[in-house]
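Examining the three-dimensional arrangement
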Amino acid sequence: MTKRIIPISLPVTGEEEWQSTREPLINGWLTSGPKVREFEQLFAQRHHVKHALAVTSATTALHLALMALEVGPGDEVIVPAFTWVSTANVVLYCGGNVVFADVDPLTFNIDPEDLKKRITSRTKVIIPVHLFGLCANMDAIKAIAGDIPIVEDGACAAGAAFKGIPAGALGTIGCFSFHPRKSVTTGEGGMITTNDDRLADVMSMMRNHGASISEEQRHHGTRPYILPNFNMLGYNYRMTDIQGAVGVVQIKKLDQFIDERAKWAAFYIEQLAEIKWLRTPQVSVDYKHGWQSFVTFVDESKAPFSRNEIMEKLQEHGISTRPGTHAVHMLSFYAEKYKIKPRDYSGAQEANDYSMSIPLHNRMVAEDYDYVVKFLKSL
Ligand SMILES: Cc1ncc(COP(=O)(O)O)c(C=O)c1O
């Protein structure tokens, strides 16, 4: 086999995104303005929500969501133990306590049975994560949550759906990421979705220092020289119009990107089925997977090498891999803070130790997928 170099992910940006950024760069409106508004409208339409609010990242989206839901000292927020660290960090930004729930290593998503055990009278919010683009089981989670608000961490799940309802429209608030490893990107960036007018209003002000009107409204209003009122604590989490211009082009390509990823995910699933030590993602009929990543599971009891040795061999042959993500309860900051042992969340520990993301993105060609499959079969 001739060696190929296949990165774990590469964004698809080019001439159209480049051209789109000309407008803000030339007209001089660089902070949140018309391009961000257009991006928000397209995002809201695609995800069947009333409001979409662009911010600087999924992390800041999650922070605003928890602030708007008034998470504070003494409040508990339940997050899955296997997710990106910021799903948990935002709880601490608000002064709340992180309560981890275990995940099901088959789906890598929060295990509803374990979630049920973690609910207390202090549970203020539940954050299910739609990891790698696969929605969490929202029916089960909603039944358990009752009146407790749900913030979907859909950082990886633009365009995904559960029972026909898009991610971001399944809970009280949804949060998305446009980091370059996501299916659509603005470099860095995030989006908040909600159908709740009051929460949308609050989060819209909070992302703009707590100002009662946006910069654009003020500048184009009759009295641009009067500063707005600030009646709440706010942050500067505004997306620039340069990023908005990229987002407007990217969001229109989302479904095409997902369809192409879904085609190659099906190819991997079929081709890799004969490798008994490698489990590929299982997607039941209720789910539309967004395929942000293709995350496999290495059964070391049957595998010729350990997961890490396999990742090393793949790397030597030009194929980038990564663990799916990390078990947050095993990161020293959280392990020490809450005195947690790895086995306290055995599903998350397994996912941490044996998950392996293999390349699946829109810059790959058929020969790349063949190369990955052939190499894995040769081990
Ligand atoms: C599940 C999850 N939540 C949150 C984030 C944070 O996203 P951002 O980098 O946009 O802050 C990520 C990023 O990888 C993620 O995977």
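Residues numbered from 1 in each chain as written. Predicted model: local features only at pLDDT ≥ 70, side-chain atom pairs only at ≥ 80, totals over all residues.

**Side note on the overall build of the chain**
- Scanning the chain from N- to C-terminus turns up 14 helices and 13 strands.
- Its C-alpha radius of gyration of 21 Å places the chain within 12% of the 21 Å reference for a compact globule of 379 residues.
- Taken over the C-alpha atoms alone, the chain extends approximately 70 × 55 × 35 Å along its principal axes.
- Here the chain, with 379 residues, has 50% of them falling under the buried criterion. (Helix = DSSP H or I, 4+ residues; strand = E, 2+ residues; numbered from the N terminus. Rg over C-alpha atoms; globule rule 2.2 N^0.38 Å. Buried ≥ 20, exposed ≤ 12 C-beta atoms within 10 Å, placed from the backbone.)

**Brief notes about helix 4 (residues 86–93)**
- Buried within helix 4 are the following residues: Thr87, Ala88, Val90 and Val91. The arc enclosing the buried residues of helix 4, seen along the axis, measures out at 155 degrees, which places them on a common side.
- Those residues of helix 4 that are buried are in contact with helix 3 (58–68), strand 2 (76–80), strand 3 (97–101), strand 5 (151–153) and helix 12 (332–338).
- Gly95 lies just past helix 4 and shows a positive phi near 85 degrees. (Arc of directions from axis to C-beta. Contact = placed C-beta atoms within 7 Å.)

**What to know about the domain arrangement of the chain**
- Considered domain by domain, the chain is made up of domain 1 (15–253) and domain 2 (255–378).
- Each of domain 1 and domain 2 was reduced to a C-alpha centroid, and the two centroids are 26 Å apart.
- When the residues that make up the side of domain 1 that touches domain 2 are grouped by side-chain class, the tally is 20 nonpolar, four polar and six charged. (Domains from an automatic or database assignment. Nonpolar A, V, L, I, M, F, W, Y, C, P; charged D, E, K, R; others polar.)

**As for the nonpolar core**
- By size, the foremost hydrophobic cluster in this structure holds 111 residues, and its most contacted members are Ala65 and Leu66.
- For this core, the leading source of residues is helix 3, giving eight residues.
- Inspection of this core shows a minimum of three residues originating in each of domain 1 (15–253) and domain 2 (255–378). (Core = buried A, V, L, I, M, F, W, Y, C linked by C-beta atoms within 7 Å.)

**A look at the site of the ligand**
- For the ligand, the set of nearby residues contains 14 residues, the closest of which are Ser57, Ala58, Thr59, Ala155 and Ser177.
- Taken together, the elements giving at least two residues each to the shell around the ligand come down to helix 3 and helix 4. (Near = placed C-beta within 6 Å.)

**Observations concerning the sheet that holds strand 11 (residues 287–288)**
- Here we have three strands laid out as an open sheet, ordered 7-6-11, and antiparallel in their pairing. In this open sheet, the two strands that pair with only one neighbour each are strand 7 (165–166) and strand 11.
- Relative to strand 7, strand 6 (residues 161–162) is paired through two bridges, and the arrangement is antiparallel. Among the inter-strand pairings, Ala161 is bridged to a residue of strand 7, identified as Pro166. (Pairing = 2+ DSSP bridges.)

**A closer look at the packing of helix 3 against helix 4**
- Here helix 3 crosses helix 4 at 40 degrees, and the two axes come no closer than 9 Å. It follows that helix 3 is oblique to helix 4 by the angle criterion. Here helix 3 and helix 4 pass one another in a crossing that is right-handed. Between helix 3 and helix 4, the contacting residues are Thr59, Leu62, His63 and Leu66 on the first element and Ser86, Thr87, Val90, Val91 and Tyr93 on the second.
- For the contact of helix 3 with helix 4, the class distribution of residues is five nonpolar, four polar and no charged. (Axes fitted to C-alpha atoms, helices over the stretch in contact; angles between N-to-C directions. Parallel < 35°, antiparallel > 145°, perpendicular 65-115°, else oblique. Left-handed = near helix turned anticlockwise from the far one by under 90°.)

**Quick word on the environment of Ile126**
- Inspection of the secondary structure puts Ile126 in strand 4 (residues 123–126).
- The residues contacting Ile126, other than those within four sequence positions of it, are Ile78, Ile141, Ala145, Ile148 and Ile150.

**A word on the packing of helix 10 (residues 254–272) against helix 14 (residues 366–378)**
- Where helix 10 contacts helix 14, the two axes come as close as 11 Å, and the packing angle between them is 20 degrees. If you check the angle between helix 10 and helix 14, you find them roughly parallel. By crossing handedness, the relation of helix 10 to helix 14 is classed as right-handed. For the pair formed by helix 10 and helix 14, the contact residues are Trp264, Phe267, Gln271 and Leu272 on the first element and Tyr369, Val373 and Leu376 on the second.
- Grouping the amino acids of the contact of helix 10 with helix 14 by side-chain chemistry returns six nonpolar, one polar and no charged.

**Quick notes on the sheet that holds strand 2**
- Ordered by their spatial adjacency, three strands build an open sheet running 3-2-4, and the pairing between neighbours is parallel. Sheet topology places strand 3 and strand 4 at the edges, where each strand pairs with a single neighbour. Averaged over neighbouring strand pairs, the angle between their axes works out to 35 degrees when direction is ignored.
- Two elements, strand 2 and strand 4, share three bridges in a ladder whose sense is parallel. Within the sheet, the bridge partner assigned to Glu76 lies in strand 4 and is Thr123.
- Sheet strands in contact with helix 4 are strand 2 and strand 3, and its direction is about 170 degrees off that of strand 2.

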